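Each chain is listed here by its residues.
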Amino acid sequence: MDVKIEQSWKERLSSEWDKDYFVRLTDFVRQEYRTKQIFPPASKIFAAFDACPFEQVKVVILGQDPYHDVGQANGLCFSVAPGIPMPPSLVNIFKEIRDDIGTPIPENGDLSRWAKQGVLLLNATLTVEAHRAASHQGRGWEEFTDEVIMRLANDRQGLVFMLWGSYAIKKGAFIDRNKHLVLTSPHPSPLSAYRGFLGNKHFSKANQYLASQGKEQIKW
């Protein structure tokens, strides 16, 4: 199967493209886009990969589901395009960055500038039906993104994984803590942020670790 994804990822994940689960997933997703309103736009399903080639990844932030309201999802977890109001979780992320390292809250929620610096903004499920949260879970995306995390964890060294909330923490449970920095906390959602996301200092910890690995720090 010819999957339109950035070349380094296409090669790294080549074993997945013709597996039964991925063929079924592709058939399902194509049918959904033909018959329903699905987010993100089809051209942006693999935007996180296209913006951050395999060897350039320094940090992985793991989300669960794309945003499901009109105009929000752009293929990068937690990110929204300029002009789109920032969802509450993203506001809390920016609050934590401000309190952790002093960076002012930006005017928009476009995180593509992080992706260009080596932050893979990966959702566990890459598509969703409009106004139906989690509607594409259990269709195969999770198996695909498990393989993505496995490849990074096994084939790279000295990465930072930010796992927020029980879902992400469980998904990244296998990552070797001796080989990578794994940062965990509650989710930035308003329902849980005050139970330990705010104050987790993940952004300064990530940069300290990157510096210790001889890597350029992220301009959060």
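Residues numbered from 1 in each chain as written. Predicted model: local features only at pLDDT ≥ 70, side-chain atom pairs only at ≥ 80, totals over all residues. Heavy atoms only, no water.

Enquirer: I tried to follow the nonpolar core on my own but got confused; where do I start?
Expert: Most often, soluble globular proteins have nonpolar side chains that are buried together. Counting residues in hydrophobic clusters, the biggest one holds 67 residues, and the most contacted among them are Ile61, Trp114, Phe144 and Trp220. Each residue touching isoleucine 61, except ones within four places of it in the same chain, is listed here: Cys77, Phe78, Trp114, Val119, Leu120, Leu121, Leu122, Met162, Trp164 and Trp220. (Core = buried A, V, L, I, M, F, W, Y, C linked by side-chain atoms within 4.5 Å. Buried < 20%, exposed > 50% of the residue type's maximum accessible area, 1.4 Å probe, protein only. Contact = heavy atoms within 4.5 Å.)

Enquirer: Looking at this structure, how should I read the pattern of salt bridges?
Expert: Opposite charge on two side chains lets them pair, provided their charged atoms get close. The full count for this structure, using the stated rule, is 12 salt bridges. Across the pair arginine 132 and glutamate 129 runs a salt bridge whose closest N-O atoms are separated by 2.8 Å. The exposure class of glutamate 129 is buried, given its relative accessible area of 14%. The residue aspartate 146 makes a salt bridge to lysine 171 at a minimum N-O spacing of 2.5 Å. With aspartate 146 in helix α6 (residues 141-155) and lysine 171 in helix α7 (residues 166-171), this pair connects stretches of sequence that are 25 residues apart. Judged by relative accessible area, aspartate 146 falls into the partly exposed class, the value being 33%. (Salt bridge = Lys/Arg side-chain N within 4 Å of Asp/Glu carboxyl O. Helix = DSSP H or I, 4+ residues; strand = E, 2+ residues; numbered from the N terminus.)

Enquirer: Hey, could you run me through the side chain of histidine 202 in this one?
Expert: In this structure, histidine 202 sits in helix α8 (residues 202-212). In this structure the side chain of histidine 202 is engaged in a polar contact, spanning 3.4 Å, whose partner is the backbone oxygen of threonine 184. (Polar contact = N/O pair within 3.5 Å; in protein donor to acceptor, adjacent residues only side chain to side chain.)

Enquirer: Mind showing me how you'd approach the pairing of strand β5 (residues 160-164) here?
Expert: Sheet faces and side chains relate simply in a regular strand, where the side chains alternate between the two faces. Most of β5 sits inside the fold, with five of its five residues counted as buried. In β5, alternate side chains face the same way, and those of Val160, Met162 and Trp164 on one face and Phe161 and Leu163 on the other are all buried. In the sheet, strand β2 (residues 59-63) pairs with β5 via four bridges, with the strands oriented parallel. Across the sheet, the residue bridging to isoleucine 61 is methionine 162, located in β5. (Pairing = 2+ DSSP bridges.)

Honestly, that's just the spatial picture; any functional story needs more than this.
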